[in-house]
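One-letter residues, chain by chain:
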Amino acid sequence: MTYIYSKDAFIKCIQKTTFYMEYFSTSPTELIGYAASLGVLLSFFMKEIRRLRIVNSMGCLLFIIYGVLLPSLPIIITNAAILGVNFYYLFVKKS
């Protein structure tokens, strides 16, 4: 079986990624937090309410994961509540 990339190339890629993460001092947990913030921010640019709720829900879900990884109960509770409200308006109350 042939691979496009060799094992050494894969290891170099991992080492380079680790170097950048250490250089910029960004942990995977922080990256999830940044992605969550971006998701919530992007939802505010949506004009269609359904799309806004879907994008916001993805951001809230990432924030819940972020809160679990920290751990931070206020982040988890707040975003779980917002996710619940979005779920209600997306799937339960269809108007």
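A. Representation of the packing of helix H3 (residues 49-69) against helix H4 (residues 73-92). Contact pair H3 / H4: the axes reach a minimum separation of 8 Å and the direction vectors enclose 155 degrees. The angle between the axes of H3 and H4 places the two elements in the roughly antiparallel class. As for the relative orientation of H3 and H4, their crossing is left-handed in sense. Along the contact surface, H3 presents Arg 50, Arg 53, Ile 54, Asn 56, Ser 57, Cys 60, Leu 61, Phe 63, Ile 64, Tyr 66, Gly 67 and Val 68, while H4 presents Ile 75, Ile 76, Asn 79, Ala 80, Ile 82, Leu 83, Val 85, Asn 86, Tyr 89 and Leu 90. A breakdown of the residues in the contact of H3 with H4 according to their chemical character gives 15 nonpolar, five polar and two charged.

B. Quick look at a nonpolar patch on the surface. On the surface, Val 85, Phe 87, Tyr 88, Tyr 89, Phe 91 and Val 92 cluster together to form a nonpolar patch covering roughly 600 Å² of accessible area. Within the fold, Val 92 resides in helix H4.

C. Here's a closer look at the packing of aromatic side chains. Applying the stated criterion to the full structure yields three aromatic pairs. Where Phe 63 meets Tyr 66, the ring centres are 6.2 Å apart and the plane angle is 70 degrees; that geometry is what we call edge-to-face. Separated by three residues within a single helix, Phe 63 and Tyr 66 lie in helix H3, roughly one turn from each other. Since its relative accessible area comes to 17%, Phe 63 is described here as buried. Judged by centre distance (5.2 Å) and plane angle (80 degrees), the rings of Tyr 88 and Tyr 89 are edge-to-face.

Definitions and limits used
Residues numbered from 1 in each chain as written. Predicted model: local features only at pLDDT ≥ 70, side-chain atom pairs only at ≥ 80, totals over all residues. Heavy atoms only, no water. Axes fitted to C-alpha atoms, helices over the stretch in contact; angles between N-to-C directions. Helix = DSSP H or I, 4+ residues; strand = E, 2+ residues; numbered from the N terminus. Parallel < 35°, antiparallel > 145°, perpendicular 65-115°, else oblique. Left-handed = near helix turned anticlockwise from the far one by under 90°. Contact = heavy atoms within 4.5 Å. Nonpolar A, V, L, I, M, F, W, Y, C, P; charged D, E, K, R; others polar. Patch = residues over 30% accessible without salt bridge, like charges linked within 9 Å, V, L, I, M, F, W, Y side chains within 5 Å. Areas by Shrake-Rupley, 256 points an atom, 1.4 Å probe, with all protein chains shown as cover. Salt bridge = Lys/Arg side-chain N within 4 Å of Asp/Glu carboxyl O. Phe/Tyr/Trp six-rings, centres within 6.5 Å; stacked < 30°, edge-to-face > 60°. Buried < 20%, exposed > 50% of the residue type's maximum accessible area, 1.4 Å probe, protein only.

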